[in-house]
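Listed here are the chains, written in short residue letters.
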Amino acid sequence: MDESRQKYVPHTLTTQEYYRQITRLKKEKNAVILSHYYMIPEIQLLIYEGGIADFLGDSLGLSLEATKVEQQNIVFCGVNFMAETAKILSPTKNVYIPDKLAGCSLASSITKEDVRNLRKQYPGVPVIAYVNTYAETKAECDVCCTSRNALSIAKSFKEDTLIFLPDKFMGENLRRRIYAETGKKLILWNGTCEVHEQFKSDSFTSLKAEHPDAKMLLHWEVPEQTVQENISEMGGILGSTNDIINYVSQSKDQTFILASECDLGSTLKRMFTGKEFITPCVKCSYMKMITLDSILRTLQSIGTAEERFYEIALESNIIKAASIPVKRMLQYN
Ligand code: 13P
Ligand code: SF4
């Protein structure tokens, strides 16, 4: 257990008291809170809705926002690879994550040595890294992508074979689309998201029987067989978090079955109050490590010796190398 956790004695405040203290400290410490859609509802709530988040977004939206913030301190409510991406894009800012153990099964499935070995095995083949990778891995790749712009980035290469890593299931979904649209082939790694891989073809049998008119909302990271069988039966969308939100906003349908992280369901319910969202509710244990209490503790630490437990520290050579593929990614949004 790391040092910060040994000392950790959680506060037991009401949500409103956490909001009050967090809001006061944000101002005092010149900090901004960026929140991913997979945070618990109390963290996702934006300031104008009575909450504490300055910005709510998907991984690409949050990366873009990190380049625009005026405050010196960014408290990133997401997982490590996302906070690292913010640091890569805004190296002069201090970026903090309320729990450094907030990892990701995809990011930890591949190392920089793995990418070097792939390059030896497939000389000259461009490497596209999903943004769900750590900074050292990104530094070895040609371009990064998120689930929102993966398709357009893959299409932008002239080569007819590309390496896409590390998500095998997202890669298989992409491969089908890219091959159909361009004839290009994808070489894949074997990482998986431990949340989205749980959506099996038959995970929705009873939900579909209860809601025969529902449309499917499937994230790119869901296994291909689940995607193909459920979309052809029910209709709906395979896309990124933002694609899913846009699809619902334009749809006349009333009921949707979500195959993505459970708390995206809370976001959708809040955004589209007249519509119904049903999900088997699979939660990302890493995202749930971020709590109101750990956010408060992070803010309290800023400017003290304790801040090292929360601050993202990357070597300058890694920031420099990783910023090339990350900045390329931002040209496609
Ligand atoms: P988005 O790129 O859609 O935000 O997804 C992030 C993620 O971790 C998916 O599991
Ligand atoms: Fe990683 Fe999956 Fe969690 Fe996203 S939902 S952070 S891909 S483990």
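Residues numbered from 1 in each chain as written. Chains lettered and ligands numbered in written order. Predicted model: local features only at pLDDT ≥ 70, side-chain atom pairs only at ≥ 80, totals over all residues. Heavy atoms only, no water.

Visitor: Lay out the overall build of the chain in plain terms, naming residues and giving numbers.
Guide: Within the chain one finds 15 helices and twelve strands. Scaling as 2.2 N^0.38, a compact globule of 333 residues should have a C-alpha radius of gyration of about 20 Å, and the chain matches this with 20 Å. Across its three principal axes, the chain shows a C-alpha extent of roughly 55 × 50 × 35 Å. Sorting the 333 residues of the chain into buried and exposed places 56% on the buried side. For the chain, contacts bridging at least 24 residues in sequence account for 66% of all contacts bridging at least 6. Looking at the chain as shown, the accessible area adds up to about 14,200 Å², and 50% of this sits on carbon and sulfur atoms. Positive and negative side-chain charges in the chain, numbering 39 and 41 respectively, have mean positions lying 4 Å apart. (Helix = DSSP H or I, 4+ residues; strand = E, 2+ residues; numbered from the N terminus. Rg over C-alpha atoms; globule rule 2.2 N^0.38 Å. Buried < 20%, exposed > 50% of the residue type's maximum accessible area, 1.4 Å probe, protein only. Contact = heavy atoms within 4.5 Å. Areas by Shrake-Rupley, 256 points an atom, 1.4 Å probe, with all protein chains shown as cover. Lys, Arg positive; Asp, Glu negative; His and termini not counted. Charge placed at Lys NZ, Arg CZ, Asp CG, Glu CD.)

Visitor: How would you explain the sheet that holds strand 1 (residues 31-36) if you had to name every residue and give the values?
Guide: If you trace the four strands from one edge of the open sheet to the other, you get 2-1-3-4, paired in parallel fashion. Edge strands, defined here as strands with exactly one partner in the open sheet, are strand 2 (55-57) and strand 4 (94-96). Between one strand axis and the next, the sheet turns by 25 degrees as a mean value, whatever way the strands run. Bridge count between strand 1 and strand 3 (residues 73-77): five bridges; the pairing is parallel. Across the sheet, the residue bridging to isoleucine 33 is valine 75, located in strand 3. (Pairing = 2+ DSSP bridges. Axes fitted to C-alpha atoms, helices over the stretch in contact; angles between N-to-C directions.)

Visitor: If you had to explain the pairing of strand 9 (residues 215-219) to someone new, which residues and values would you point to?
Guide: Burial within strand 9 is extensive, with four of its five residues counted as buried. Direction of pairing for strand 9 relative to strand 11 (residues 255-259): parallel, over a ladder of four bridges. Within the sheet, the bridge partner assigned to leucine 217 lies in strand 11 and is leucine 258. Pairing of strand 9 with strand 10 (residues 236-239) involves four bridges; the strand directions are parallel.

Visitor: Break down the site of ligand 2 for me, citing the residues and quoting the values.
Guide: In the vicinity of ligand 2, the residues found are Tyr38, Val79, Cys104, Ser105, Leu106, Asn132, Cys193, Val195, Glu221, Cys284, Tyr286 and Met287. Split by residue class, the shell around ligand 2 holds nine nonpolar, two polar and one charged. (Near = heavy atom within 4 Å. Nonpolar A, V, L, I, M, F, W, Y, C, P; charged D, E, K, R; others polar.)

Visitor: Talk me through the site of ligand 1; I want residue IDs and the actual numbers.
Guide: Around ligand 1, the surrounding shell consists of His36, Tyr38, Asp58, Ser59, Met82, Asn132, Ser147, His196, His219, Glu221 and Thr241. In the environment of ligand 1, an oxygen atom lies 3.5 Å from a nitrogen or oxygen atom belonging to the side chain of asparagine 132. Side-chain polar atom of threonine 241 to an oxygen atom of ligand 1: 2.5 Å apart, as the coordinates give it. In terms of residue class, the shell around ligand 1 is made up of two nonpolar, seven polar and two charged. (Polar contact = N/O pair within 3.5 Å; in protein donor to acceptor, adjacent residues only side chain to side chain.)

Visitor: Run through helix 14 (residues 292-301), naming residues and quoting values.
Guide: For the α-helix, the turn length of 3.6 residues means that residues three or four positions removed from each other point alike. Buried residues dominate helix 14, accounting for nine of its ten residues. Among the residues of helix 14, those classed as buried are Leu292, Asp293, Ser294, Ile295, Leu296, Arg297, Thr298, Leu299 and Ser301. Contacts from the buried residues of helix 14 go to helix 2 (15-28), strand 1, helix 3 (41-44), strand 3 and strand 4. Just downstream of helix 14, glycine 303 is the residue with a positive phi angle, here 85 degrees.

Visitor: Describe the pattern of salt bridges, with residues and values.
Guide: Per the counting criterion, the structure on display carries 18 salt bridges. For the salt bridge of glutamate 49 with arginine 270, the shortest nitrogen-to-oxygen distance reads 3.4 Å. In this pair, glutamate 49 sits in the loop between helix 3 and strand 2 while arginine 270 sits in helix 13 (residues 262-271), placing the two residues 221 residues apart along the sequence. The class for arginine 270 is partly exposed, based on a relative accessible area of 25%. (Salt bridge = Lys/Arg side-chain N within 4 Å of Asp/Glu carboxyl O.)

Visitor: Lay out the environment of glutamine 21 with the relevant residues and their values.
Guide: Within the secondary structure layout, glutamine 21 lies in helix 2. With 88 residues separating them in the primary sequence, glutamine 21 and serine 109 have C-alpha atoms 38 Å apart. With near-sequence residues (within four places) excluded, glutamine 21 lies in contact with Leu13, Leu296 and Gln300.

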